[in-house]
There are 2 protein chains.
Amino acid sequence: MINELKKIAKQIDEIIKNDDYPSTIVPEYLRAAVKAYPERGGKRLRPALLAWCCGLCGGRTEMTLYPGAAAEIYHNWTLVHDDIIDGDDLRRGQPTTHRVLTNYALSNITSDNAIAEKFGRDMAILAGDLQQGWATAVLLKATSHGVSAPVVAALTARLQEEVGRELISGEALDVAFALRDPRRVSVGEVEQMITLKTGALLRFCAESGAAIALNTTCFESPEVKAIGDFADALGIAFQLRDDWLGIFGDTQKFGKKIGADLAERKPTVMLLKALENATPDEQQQLMALLGRDNYPSELMEQATLLFRQTGAEQYILNRITRLSDDARSILRGFPDNPYRQLLLELTDFLLSRDV
Amino acid sequence: MINELKKIAKQIDEIIKNDDYPSTIVPEYLRAAVKAYPERGGKRLRPALLAWCCGLCGGRTEMTLYPGAAAEIYHNWTLVHDDIIDGDDLRRGQPTTHRVLTNYALSNITSDNAIAEKFGRDMAILAGDLQQGWATAVLLKATSHGVSAPVVAALTARLQEEVGRELISGEALDVAFALRDPRRVSVGEVEQMITLKTGALLRFCAESGAAIALNTTCFESPEVKAIGDFADALGIAFQLRDDWLGIFGDTQKFGKKIGADLAERKPTVMLLKALENATPDEQQQLMALLGRDNYPSELMEQATLLFRQTGAEQYILNRITRLSDDARSILRGFPDNPYRQLLLELTDFLLSRDV
């Protein structure tokens, strides 16, 4: 599975690197900013999902390469705008887009920090905007690579309509929840947010793979819908596991991210469940753990203890197990073939990863 | 012509008001922010350009209504992001999107000004992002309103590829030029910026009208290209006239905007031409006029005198005349019909307006 994933990643890297969309962007530093994240690589899970869901339904996986590249570029504009909103400095170990552009301004335009930061942010907004256009442009190229024009039109409409709306609504809820007292956010609200913010694009990739294979424009057909439900379950389980790793993960492997959710007062499902189940005393201890500057090991031990005591850890682990069972059983409803096997392995991989 | 413009505006208002794209956006205040500018109305020049260029080429103008509404929504996302970048508080006499959302935060979420401003800006970024998706979704609906699927696909590709790239590149240049010493920006650079930032979408509207009428996907066909060149000339002339009005306009009619370009140190073509032609003494006087807090009438009199003395006003007026002659002569190359007449009247209207 990992080898197949790498093969797809290489093909996607090639398409993105050689696509001519960015070539006429001016100024040059904006062009570089537009290309940066999409070229920074990564696991390319979304293109793999597209390819293998297409293969699962009997389609030729090569047809999904342009939609796969489009999904990656689309994913990247959301990261660029998210990073501005979250004020993050690093993305995949390198400076975020707005940081790179701020640094450019400091070296070339101004020595005033505030002006440079505003310049970096403004240009990064525009870089993300350009990536939105780029994603659609690449998706539309699928008509020259084996996908029928009506299916491409349906995918484009789906991406711009449902997916964009859900994903951005999810991001907005995430921003809004972070400003609320975590004791006033419900588990249901956060699961809805995850489904929208993380799930929408994964669902799109899975459904698109099926739609391409079946040459259908109808996303309501049972097979397409079933594959979409598989992606939904996978996406939520993946996010819940991410939350779990943020507390219980191995510091060596999960790195600086241990405790980061606590530092950001992020209302994760696990935190909300812990607050919900906690005694008044435990609740007070949990609240005192939020928003600190750093999380030495004593503090993390106290946190893990509280998440265990309140049953929040067990709740999350059970929820992940149930969701991954759902995902697997949907896949088993499809006739066996090598792509079904790859998707089952991908499910195991994503839900047992420790990094 | 004005009556025809109003008729189109009414139809566009209806389509935008009744379109169901925003209905499932959450949270509610984000949905309201997405709808705000598109519903705030305006002259709807872009839809008129689409309709009349379609009519000029013998097409049924009703076919352009959805593309026209899409162009308006597309225009509006650029305004939302521009307003964030420019830090503007007002748009058409009402608070800008990020202002509305900042005020929402102050009333409902926080009493901390900095947090509220960041919230307003972040949500406004997302509102603009949603409008990009909305525009494409509306454009794609044109297939259900008389435009052939291949033409709709070509328009979508054109909007997402050339138009988006040019328009955003133009905005980026505008941001970058504002940070440079105006004596180091050239007239040619600024005209390129205007062609990109303002011209790209107008050109798209004109070309799309022709492409719809001719049912062609080829934007290189001579008729489509000629109409695009007409829009380019119109767009630059319109912008130059805007710059001229910003100095020589009637305070009563052009309102607070008189002097605003000087206050913002905006490198307009007229300013650059004045600096280029000025004696060292005049250059110093011009530079001293930039970036003030307010512009009482003595100061504006000094400014108009300097723009006259240096020949910059005459240069701009000649340039507008030449461009509008070009625009008219392109139109006269088409067979006469009522739409050619409307476009000629629109050209006169836009280039002799005093507001």
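This text gives an overview of the structure that appears in the document. All figures in this text were calculated on a predicted structure; none of them were measured in a lab.

Looking at the interface of chain A and chain B
Consideration 1: Facing the 45 residues of chain A at the interface are 45 residues of chain B.
Consideration 2: Here chain A meets chain B over a buried area of about 3,700 Å², counting both sides, of which 70% is carbon and sulfur.
Consideration 3: At the junction of chain A with chain B, the criterion picks out 0 salt bridges.
Consideration 4: Between chain A and chain B we count 14 residue pairs in polar contact (both at pLDDT 80 or more) in total.
Consideration 5: Only α2 (28–39), α4 (65–86), α6 (113–140), α7 (149–178) and α8 (187–214) of chain A provide two or more residues apiece to the side of chain A that touches chain B.
Consideration 6: With 15 residues, the top contributor of residues to the side of chain A that touches chain B is α6 of chain A.
Consideration 7: Each residue belonging to the side of chain A that touches chain B can be placed in one class, and the counts come to 26 nonpolar, 10 polar and 9 charged.

Observations regarding the relation of the copies chain A and chain B
Consideration 1: You can overlay chain A on chain B at an RMSD of 0.0 Å; the transform is a turn of 180 degrees with a shift of 0.0 Å along its axis. What the superposition gives is, in effect, a two-fold axis relating one chain to the other.
Consideration 2: An overlap of 100% is found between the interface residues of chain A and their copies at the interface of chain B, pointing to a shared contact surface.

Thoughts on the packing of α6 of chain A against helix α4 (residues 65–86) of chain B
Consideration 1: Between α6 of chain A and α4 of chain B, the least distance of the axes is 10 Å, while the angle of their chain directions is 165 degrees. Looking at the two axes, α6 of chain A sits roughly antiparallel to α4 of chain B. The way α6 of chain A lies across α4 of chain B gives a crossing that is right-handed. Across from K118, D122, I125, L126 and D129 of chain A in α6 of chain A, the residues of α4 of chain B making contact are W77, H81, I84 and I85 of chain B.
Consideration 2: The residue makeup of the contact of α6 of chain A with α4 of chain B, split by class, is 5 nonpolar, 1 polar and 3 charged.

Quick look at the nonpolar core
Consideration 1: Formed by 256 residues in total, the largest nonpolar core has its most connected members in F307 of chain A together with F307 of chain B.
Consideration 2: Those residues within four positions of F307 of chain B in sequence are excluded, and the remaining contacts are I247, F248, L262, M270, L271, A274, L286, A312 and E313 of chain B.

Some words on the packing of aromatic side chains
Residues and elements named next belong to chain B.
Consideration 1: Taken as a whole and assessed by the stated rule, the structure comprises 10 aromatic pairs over all chains.
Consideration 2: On the basis of an interplanar angle of 10 degrees and a centroid distance of 6.1 Å, the ring pair of Y21 and W134 is categorised as stacked. Taken together, the positions of Y21 in the loop between α1 (2–18) and α2 (28–39) and W134 in helix α6 (residues 113–140) put the pair 113 residues apart, joining distant regions of the chain.
Consideration 3: With relative accessibility at 0%, the residue Y21 sits in the buried group.
Consideration 4: Given a relative accessible area of 0%, W134 falls into the buried group.
Consideration 5: A centroid spacing of 5.6 Å and a plane angle of 80 degrees characterise the contact between Y74 and W77, whose relative ring orientation is edge-to-face. Here Y74 and its partner W77 are both found in helix α4, 3 residues apart, which amounts to about one turn of the helix.

Quick word on the environment of L159 of chain B
Residue and element names in this part refer to chain B.
Consideration 1: Relative to the assigned elements, L159 resides in helix α7 (residues 149–178).
Consideration 2: Here the alpha-carbon distance between L159 and A71, two residues 88 residues apart in the chain, equals 8.9 Å.
Consideration 3: Not counting residues within four places of it along the chain, the set of residues in contact with L159 comprises Y74, L139, G164, L201 and F204.

Notes on the pattern of salt bridges
All names here are of chain B.
Consideration 1: In this structure the tally under the stated criterion is 59 salt bridges over all chains.
Consideration 2: With a closest N to O distance of 2.7 Å, D122 and K118 form a salt bridge. Separated by 4 residues within a single helix, D122 and K118 lie in helix α6, roughly one turn from each other.
Consideration 3: Assessed through its relative accessible area of 4%, D122 is described here as buried.
Consideration 4: When the shortest N-O distance is used, the salt bridge between K197 and D174 registers 2.8 Å.

Conventions and cut-offs
- Residues numbered from 1 in each chain as written.
- Chains lettered and ligands numbered in written order.
- Predicted model: local features only at pLDDT ≥ 70, side-chain atom pairs only at ≥ 80, totals over all residues.
- Heavy atoms only, no water.
- Contact = heavy atoms within 4.5 Å.
- Buried area = accessible area lost by both parts, 1.4 Å probe.
- Salt bridge = Lys/Arg side-chain N within 4 Å of Asp/Glu carboxyl O.
- Polar contact = N/O pair within 3.5 Å; in protein donor to acceptor, adjacent residues only side chain to side chain.
- Helix = DSSP H or I, 4+ residues; strand = E, 2+ residues; numbered from the N terminus.
- Nonpolar A, V, L, I, M, F, W, Y, C, P; charged D, E, K, R; others polar.
- Least-squares fit on C-alpha atoms with pLDDT ≥ 70 in both.
- Axes fitted to C-alpha atoms, helices over the stretch in contact; angles between N-to-C directions.
- Parallel < 35°, antiparallel > 145°, perpendicular 65-115°, else oblique.
- Left-handed = near helix turned anticlockwise from the far one by under 90°.
- Core = buried A, V, L, I, M, F, W, Y, C linked by side-chain atoms within 4.5 Å.
- Buried < 20%, exposed > 50% of the residue type's maximum accessible area, 1.4 Å probe, protein only.
- Phe/Tyr/Trp six-rings, centres within 6.5 Å; stacked < 30°, edge-to-face > 60°.

By themselves these figures say nothing about function.
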